[in-house]
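# Structural characterization, general
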Amino acid sequence: GTPNDLLPLEMGTCKLEPGDDGKILDTLSSRDIVSTRRVGEWSPTSLLDQIAKADPPYHALIDSGALITGMSNQEVAAYLLRNGLKGLS
């Protein structure tokens, strides 16, 4: 996530309610919501290609391990749209 000090100034200070961190962790570790899979050799673009062409499609990309390097969030989104992500713009 985005640490408090990196939010745009217009948004003010991030104020989480007690228990929010636990709820987020619970959601992101729930097997009813999140899935994982092993991949062999990979690069940032090969991971994005797998995401872009997934069927059923993914609804979110949470790069908690910072695997997608050398690209901004906007560049990642544009790459996904150019390389197979359907139905979104």
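We now turn to the structure provided with this report. Everything numeric here is computed off the predicted structure, so don't read it as measured data.

Below, the discussion takes up a nonpolar patch on the surface. Nonpolar side chains collect at one region of the surface, where I24, L28, I33, V34 and I62 lie side by side and expose about 450 Å² of accessible area between them. Topologically, V34 is positioned in the loop between α1 (20-28) and α2 (44-52). When its relative accessible area of 32% is taken as the criterion, V34 is described as partly exposed.

Of the consecutive residues D55 and P56, the connecting peptide bond is found in the cis state with omega at 5 degrees. Mapping P56 onto the fold places it in the loop between α2 and α3 (73-82).

With that settled, the discussion passes to the nonpolar core. Of all hydrophobic cores here, the largest spans 9 residues; its members are L47, L48, I51, A52, I68, V76, Y79, L80 and L85. For this core, the secondary structure elements donating two or more residues are α2 and α3. Of the residues forming this core, the biggest block, 4 residues, is contributed by α2. Excluding its chain neighbours within four sequence positions, the residues that come into contact with I51 are Y58, L61 and L80.

Rules behind the numbers
- Residues numbered from 1 in each chain as written.
- Predicted model: local features only at pLDDT ≥ 70, side-chain atom pairs only at ≥ 80, totals over all residues.
- Heavy atoms only, no water.
- Patch = residues over 30% accessible without salt bridge, like charges linked within 9 Å, V, L, I, M, F, W, Y side chains within 5 Å.
- Areas by Shrake-Rupley, 256 points an atom, 1.4 Å probe, with all protein chains shown as cover.
- Salt bridge = Lys/Arg side-chain N within 4 Å of Asp/Glu carboxyl O.
- Helix = DSSP H or I, 4+ residues; strand = E, 2+ residues; numbered from the N terminus.
- Buried < 20%, exposed > 50% of the residue type's maximum accessible area, 1.4 Å probe, protein only.
- Core = buried A, V, L, I, M, F, W, Y, C linked by side-chain atoms within 4.5 Å.
- Contact = heavy atoms within 4.5 Å.

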